Amino acid sequence: MVQPTMRRSMLRKMTRLFILSAIIAIGAIVFWSKFLSNSDLVVFHGNEIKVTKSGEITFSWHGHESVQGQLGTLLTNHPEECQDSELCLEWDLQAQLQVEREETGEGAVCYHIHWETTPSTSTLEDCFFMGPAHWYGGGEVEYQRWPLEKWDMSMTPFISADMFLLYPEYSGVYGSVIEPYWLSSSGVGILVESSTPLHVQVKNRQLCLRSSYDNSKYQQPEGYSTVRLDYTLCTGRNVKMVHDYMRKRYLPIPKGLPDERMFTAPIWSTWACYKVFVNESSVMDFARKILDHQFKSSQLELDDGYQVTYGDFTFDPHKFPNPKGLTSDLHKLGYRVTVWIHPFVNPDANAYEEGASQGFFVKDEHGEPGIIKWWNGRGSLIDFTNPAASKWFTDRLRKFQQDSGIDSFKFDAGEANFLPENFRTNSKLVNPGEFTTHYVDAVSTFGPMIEVRAAYKNQENPIFVRMMDKQSSWDWNGGLKTLLTTAITMSLLGYSFVLPDMIGGNAYGDSGFQETYLPDRELFIRWVELSAFLPSMQFSIPPWKYDEEVTRISIKWTTFHEEFIAPRVLKIAKEETVVDGSPIIRPLWWIAPDDPHATRIDCEFLVGSDVLVAPVVDRGVRARDVYLPSGKWKEPSGNILTGGKWYSQMKSPIDEILYFIRQ
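Numbers given for residues are sequential positions, taken from 1 along each chain in its written order. Side-chain atom pairs in this predicted model are given and counted only at pLDDT of 80 or more, local residue features only at pLDDT of at least 70, and totals for whole chains, interfaces and linings cover all residues. Each side-chain value is worked out from all heavy atoms of the structure, with water and hydrogens disregarded.

1. Side note on the packing of helix H10 (residues 480–492) against helix H11 (residues 521–531)
Using the following cut-off: As a rule, the C-alpha atoms of each element are fitted with a line to give its axis, helices using only the stretch in contact, and angles between N-to-C directions run from 0 to 180 degrees. Strands are runs of DSSP state E lasting at least two residues, helices are runs of H or I lasting at least four, and both sets are numbered from the N terminus onward. The scheme is simple: roughly parallel for angles under 35 degrees, roughly antiparallel for over 145, roughly perpendicular for 65 to 115, oblique for anything else. Note on convention: near helix rotated counterclockwise from far helix by under a right angle means a left-handed crossing. Clockwise means right-handed. We call two residues contacting when some pair of their heavy atoms lies within 4.5 Å. Under the scheme applied here, ten amino acids are nonpolar (Ala, Val, Leu, Ile, Met, Phe, Trp, Tyr, Cys and Pro), four are charged (Asp, Glu, Lys and Arg), and all others, including Gly, are polar.
Relative to each other, H10 and H11 sit at 15°, their axes nearing to 10 Å. By the angle class used here, H10 and H11 are roughly parallel. In the packing of H10 onto H11, the handedness of the crossing is right-handed. Taking contact as the criterion, the partners of Leu480, Leu483 and Leu484 in H10 are, on H11, Leu523, Arg526, Trp527, Leu530 and Ser531. Partitioning the contact of H10 with H11 into residue classes produces six nonpolar, one polar and one charged.

2. A few points about the packing of aromatic side chains
This is how it is decided: A pair of Phe, Tyr and Trp rings is counted when the ring centres sit within 6.5 Å of each other, with Trp represented by its six-membered ring. The angle between the planes then sorts it: under 30 degrees is stacked, over 60 is edge-to-face, the rest tilted. Each residue gets one of three labels from its accessible area relative to the maximum for its type: buried under 20%, exposed over 50%, partly exposed in between, using a 1.4 Å probe on protein chains only. Charge-over-ring placement is defined geometrically: NZ (Lys) or CZ (Arg) within 6 Å of the ring centre, and within 35 degrees of the ring normal.
Scanning the model with the defined rule gives 51 aromatic pairs in all. Ring centres of Phe360 and Trp392 lie 5.3 Å apart, and the angle between their planes is 40°; this geometry places the pair in the tilted category. Residue Phe360 is found in the loop between helix H7 (351–357) and strand S21 (372–374), and its partner Trp392 is found in helix H8 (residues 387–404); the two are separated by 32 residues along the sequence. Each member of the pair, Phe360 together with Trp392, is buried. Taking 4.9 Å as the distance between ring centres and 40° as the angle between the ring planes, the aromatic pair formed by Phe524 and Tyr546 counts as tilted. Linking Phe524 in helix H11 with Tyr546 in the loop between strand S27 (538–539) and helix H12 (548–580), this pair joins segments that are 22 residues apart in sequence. On the basis of relative accessibility, which here comes to 0%, the residue Phe524 falls in the buried class. Counting every residue linked through ring pairs, the aromatic cluster contains Tyr306, Phe313, Phe315, Phe320, Phe384, Phe393, Phe400, Phe435 and Tyr439. The side chain of Arg396 reaches across the aromatic face of Trp392, ending 4.1 Å from its centre. Sitting above the plane of the Phe446 ring, Arg398 keeps its charged end 4.1 Å from the centroid.

What follows is the structure, given as structure tokens:
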């Protein structure tokens, strides 16, 4: 007979054994489940691509891992192999993925990735892990951090938008210039097809590409019940090699140069200085004072406030009683004159009835002229997919030119977000961004002296593309710091003729964008210095509004731009940009693609490949650390520095900017 004490002891031992066995069994299940899900489903072309049974994918180049990602993140089952292409995976009853490999012959290897859902699946998504690499591209945003792993941007339609109109939500939308193109310092490039209804998230060190027609202005083609996600992913030795290949193959090259005078002498705009409270006498006063203070000018741009109604190309007779006389007087002073134009017609304009009756406006879902909100009220958008509407717009502008004697135009807006909900255009748009393409193509017929602020696949137009309005601040919220990173981003996307926004920012007050004030003095000076190294300079706030020192510093750096930078910029543009698409403004990795410092620096840039610029973009700073890539670099003093290292606390007094010339 077993004693009670012995029985309890045996029960305890059996219980412990049972628990231990259960733990081992659960651990084994978890281990084998994870092992099986992470084991390779497909190994493609000598380990160039590995896909696990859970859909994780790894791309490698010559044995070195380039990027990892997760395929079909929103699909609910696991992939199985299919036989429809070189690499084919199928998620049962949900979607199919096909990958085609291309050996480019130029060092890069490209993979053309084609997803298509079944009718029961409405959304596709692939995510790529940024890992230790640094990423670039995409387009303009308000918080233009560099590199992209610093972004915190939730999933949003990849459609251009007026970031200011959407304030305070602008941190969650893309700006006026976008391209579905991204680069990684690990030697990866991704370009998404325009036919994909693309949404993008850049967050938590992941780049996620989603294809969906939901909650966006993308319109599903009639007769289609499936969704596609098509993109090309290329790998190579480093970021420069991959970008060289992809930009030459996929990004159009400018057909020529913008007006050369716009490169050399500053543009002067009435906007930040006068806002809409501009008139004939103030314009003449502005023009005379520019000359009195010994500044030069490429042109004087008359911004908002000259019209009576928005959409009629006529001067307000009370504010501008003699517009032709005004332009004649300005011409005698040596100015060329441009005026601000937009693609909207408000219902109170005389042109509205004609445009509506002729079907020249983008329509709503009912076939009526779509009424949309823009920053000067509500109006209709001219349908630039309609050749007759474009001609109506440009013919009226040419008559306006002849009647008033103006020389050219500043074209504003044109972003896809201004399309009405469920819009209808004369020609079907595969991607809403194509509206911008049509708009820019139409206005580019006015020649190389124009400027635009929106662009989508318009790289071949030989015109300046202006940055979206900048804030008069030091921070990343559209302030001075973003002047540099926006210029580099636009350049990488193929828009080399970058027109920086007005020096000192737009001076928007707290009560609205039509209020103005004098931006911080130190901010203005540092803005002048940085702008002097960009392809063009643009003033509105007059330097003499501050004091003699600010005026002197401004003259010093506009003269430097004219005599030193502009000739270099024009040489680069003529010998490289219009030949192979090489940008004028370049990141440091352009000359040091394998340098880990060069791939992450957000406060230095190159003009061509020989001038390195290290501006001060923080208040109160009079010295900063500078990194010089390998090689020999000459300071303005003639001192030669050895690159491949950091230089600590190099002095940069208020009237100077640090720059170096590669020997």
